[in-house]
Amino acid sequence: MLLLFCVGSGRTIAALRVYSSDEGRFFEPDSQEYINAGRALLDIGRFAVSPEQPDIPQFRRTPGYPLFIAGIYRLFGQHHLLVILVQIGVSLLTVACTYALAALLWNARLGLLAAIWLCCDLASHINTLQLLTDTLFTSVLTVALLCGLLTFRAESPRSSILFASLFGLLCACASLIRPIAYYLF
């Protein structure tokens, strides 16, 4: 818990510093396409290139991350910083699931080591501060893997069916965020 608090605080401070100095550092070349598609979902209820071009469907991007953006915009308003702050929370879910996976497979000490190792990963930290699919995809995939492992560890058939269903649903969601998930199996 302390690890999650420290990492979350550090990433939040970094996000606020980036936002106050140069909000454009949140963006990569692909970011605007995701934002426009998210705005289209929110404003016109269609998966279009942008709300300004409602008759042009979005074919270059999958709908998972734009839907994530649209949901945050609906709840909190159209502020990029809020998307980043929610992504920080999502990245903490990835750390927690990494701990759980390693603890279930080996032991709690190795789970903590795996979580610390992930927290030290500079690429994960940088990706959390960008409006791109990486953080959400990694988190959904990690939760899916945890559900997959729990499928085999479940003590009742009902629990096993529940975890297997969640595993399948989350794998489908991961594919809608980044199509590379099609090739995982």
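Cut-off values and rules
- Residues numbered from 1 in each chain as written.
- Predicted model: local features only at pLDDT ≥ 70, side-chain atom pairs only at ≥ 80, totals over all residues.
- Heavy atoms only, no water.
- Helix = DSSP H or I, 4+ residues; strand = E, 2+ residues; numbered from the N terminus.
- Rg over C-alpha atoms; globule rule 2.2 N^0.38 Å.
- Pairing = 2+ DSSP bridges.
- Core = buried A, V, L, I, M, F, W, Y, C linked by side-chain atoms within 4.5 Å.
- Buried < 20%, exposed > 50% of the residue type's maximum accessible area, 1.4 Å probe, protein only.
- Contact = heavy atoms within 4.5 Å.
- Phe/Tyr/Trp six-rings, centres within 6.5 Å; stacked < 30°, edge-to-face > 60°.
- Axes fitted to C-alpha atoms, helices over the stretch in contact; angles between N-to-C directions.
- Parallel < 35°, antiparallel > 145°, perpendicular 65-115°, else oblique.
- Left-handed = near helix turned anticlockwise from the far one by under 90°.
- Patch = residues over 30% accessible without salt bridge, like charges linked within 9 Å, V, L, I, M, F, W, Y side chains within 5 Å.
- Areas by Shrake-Rupley, 256 points an atom, 1.4 Å probe, with all protein chains shown as cover.
- Salt bridge = Lys/Arg side-chain N within 4 Å of Asp/Glu carboxyl O.

S.K.: In this structure, what is going on with the overall build of the chain? I would like to understand it.
M.R.: Along the chain, the regular secondary structure elements total eight helices and two strands. Sequence-ordered secondary structure for the chain, helices as α and strands as β, is α-α-β-β-α-α-α-α-α-α. For 185 residues, the compact-globule estimate of 2.2 N^0.38 gives 16 Å, and the chain sits close to it at 18 Å. If you line up the chain on its principal axes, its C-alpha atoms span 50 × 40 × 30 Å.

S.K.: I tried to follow the pairing of strand S2 (residues 53-57) on my own but got confused; where do I start?
M.R.: Here strand S1 (residues 48-50) pairs with S2 via two bridges, running antiparallel. Within S2, the residue paired with alanine 48 across the bridge is proline 57. Count of turn residues in the S1/S2 antiparallel hairpin: two residues.

S.K.: Just checking my understanding: could you explain the nonpolar core for this structure?
M.R.: Generally speaking, a soluble globular protein has its nonpolar side chains buried in company with each other. Core analysis: the biggest nonpolar cluster contains 37 residues, and Tyr65, Phe68, Ile69, Val83, Ile84, Leu131 and Leu136 have the highest contact counts within it. For this core, the elements supplying multiple residues, two or more each, are helix H1 (2-21), helix H2 (31-43), helix H3 (64-76), helix H4 (80-105), helix H7 (134-153) and helix H8 (157-177). The biggest single contributor to this core is H7, with nine residues. Here phenylalanine 68 is in contact with Val83, Val86, Gln87, Val90 and Leu136, once residues within four sequence places are set aside.

S.K.: Looking at this structure, how should I read the packing of aromatic side chains?
M.R.: The geometry of two aromatic rings is summed up by the distance between their centres and the angle between their planes. Inspection of the entire model under this criterion finds three aromatic pairs. Aromatic side chains tyrosine 65 and phenylalanine 68 sit 5.7 Å apart centroid to centroid with 25° between the ring planes, which places their arrangement in the stacked category. Taken together, the positions of tyrosine 65 and phenylalanine 68, both in helix H3 and three residues apart, correspond to about one turn of that helix. Tyrosine 65 sits in the buried class, given a relative accessible area of 0%. Looking at phenylalanine 68, the relative accessible area reads 16%, which means it is buried.

S.K.: Can you help me understand the packing of H4 against H7 in this one?
M.R.: In helix packing, the relevant descriptors are the interaxial angle and the interaxial distance, both defined with respect to the helix axes. Where H4 meets H7, the closest approach of the two axes is 9 Å, and the angle between their N-to-C directions is 30°. In terms of orientation, H4 lies roughly parallel with respect to H7. Our pair here, H4 against H7, has a crossing hand that is left-handed. Between H4 and H7, the residues in contact are Gln87, Val90, Ser91, Leu93, Thr94, Cys97, Thr98, Ala100, Leu101, Leu104 and Leu105 and Thr135, Leu136, Thr138, Ser139, Thr142, Val143, Leu145, Leu146, Leu149, Leu150 and Arg153, respectively.

S.K.: Teacher, can you tell me more about a nonpolar patch on the surface here?
M.R.: Together, Leu105, Trp106, Leu110 and Leu113 give the surface a local cluster of nonpolar side chains, amounting to about 430 Å² of exposed area. Counting through the fold element by element, leucine 113 comes out in helix H5 (residues 108-119).

S.K.: Just checking my understanding: could you explain the pattern of salt bridges for this structure?
M.R.: Throughout the structure, instances matching the rule amount to six salt bridges. The partner of aspartate 30 in a salt bridge is arginine 61, and the shortest N-O contact between them spans 3.1 Å. Placement of aspartate 30 in the loop between H1 and H2 and of arginine 61 in the loop between S2 and H3 is noted, with a sequence separation of 31 residues between them. The partner of arginine 61 in a salt bridge is glutamate 33, and the shortest N-O contact between them spans 3.3 Å. Here glutamate 33 lies in helix H2 and arginine 61 lies in the loop between S2 and H3, a separation of 28 residues in the sequence. Through salt bridges with shared partners, one network takes in Asp30, Glu33, Arg60 and Arg61.

S.K.: Would you mind showing me how to read the packing of H2 against H3 here?
M.R.: As a packed pair, H2 and H3 sit with axes 8 Å apart at the nearest point and diverge in direction by 60°. By the angle between their directions, the pair H2 and H3 is classed as oblique. Crossing handedness for the pair H2 and H3: right-handed. From H2, Tyr34, Ile35, Ala37, Gly38, Arg39, Leu41 and Leu42 reach across to H3, where they touch Tyr65, Pro66, Leu67, Ile69, Ala70, Tyr73 and Arg74.

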